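Listed here are the chains, written in short residue letters.
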Amino acid sequence: ILGFSTPPGRLSMMAFILNALTCALGLLYFIRRGKQCLDFTVTVHFFHLLGCWVYNARFPAALTWWLVHAVCTALMAAIGEYLCMRIELREIPLSSAPKASV
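Cut-offs applied
Residues numbered from 1 in each chain as written. Predicted model: local features only at pLDDT ≥ 70, side-chain atom pairs only at ≥ 80, totals over all residues. Heavy atoms only, no water. Axes fitted to C-alpha atoms, helices over the stretch in contact; angles between N-to-C directions. Helix = DSSP H or I, 4+ residues; strand = E, 2+ residues; numbered from the N terminus. Parallel < 35°, antiparallel > 145°, perpendicular 65-115°, else oblique. Left-handed = near helix turned anticlockwise from the far one by under 90°. Contact = heavy atoms within 4.5 Å. Nonpolar A, V, L, I, M, F, W, Y, C, P; charged D, E, K, R; others polar. Core = buried A, V, L, I, M, F, W, Y, C linked by side-chain atoms within 4.5 Å. Buried < 20%, exposed > 50% of the residue type's maximum accessible area, 1.4 Å probe, protein only.

Caption draft 1: Representation of the packing of helix α1 (residues 7-30) against helix α3 (residues 63-88) within the structure. Where α1 contacts α3, the two axes come as close as 8 Å, and the packing angle between them is 25 degrees. One finds that α1 runs roughly parallel with respect to α3. Judged by the sense of rotation from one axis to the other, the crossing of α1 with α3 is right-handed. Here Met13, Phe16, Ile17, Ala20, Leu21, Cys23, Ala24, Leu25, Leu27 and Leu28 of α1 come into contact with α3, specifically with Val68, His69, Cys72, Leu75, Met76, Ile79, Gly80, Leu83, Cys84 and Ile87. Looking at the contact of α1 with α3, its residues break down into 18 nonpolar, two polar and no charged.

Okay, here's the thing in structure tokens:
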């Protein structure tokens, strides 16, 4: 069903790309480490591959399936790492005002 020639194929591809973007936000909220984004992204897509293999009772062989998932993996990892690095590289606030003694 994945393909550029039919409207359902284009819609499915757009759904996969939107899923990659929302999963990148999930990496930001659940992982919070830029170094681990690629590991979790590849793990999620590997489990998706296993699920597709079991569900269809055959290994995915369509070139478009592999291309869409390669693009989604790269997109999810890159955006997730970018978002996590923005959080990690925030400035640590240092206050020069004296602390109040309690």
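Caption draft 2: Looking closely at the nonpolar core. The biggest cluster of nonpolar side chains holds 15 residues, and the ones touching the most others in it are Leu2, Leu27, Trp65 and Val68. Taken together, the elements giving at least two residues each to this core come down to α1, α2 (37-56) and α3. Excluding anything up to four places from it in sequence, Leu2 contacts Gly9, Ser12, Met13, Phe16, Thr64, Trp65 and Val68.

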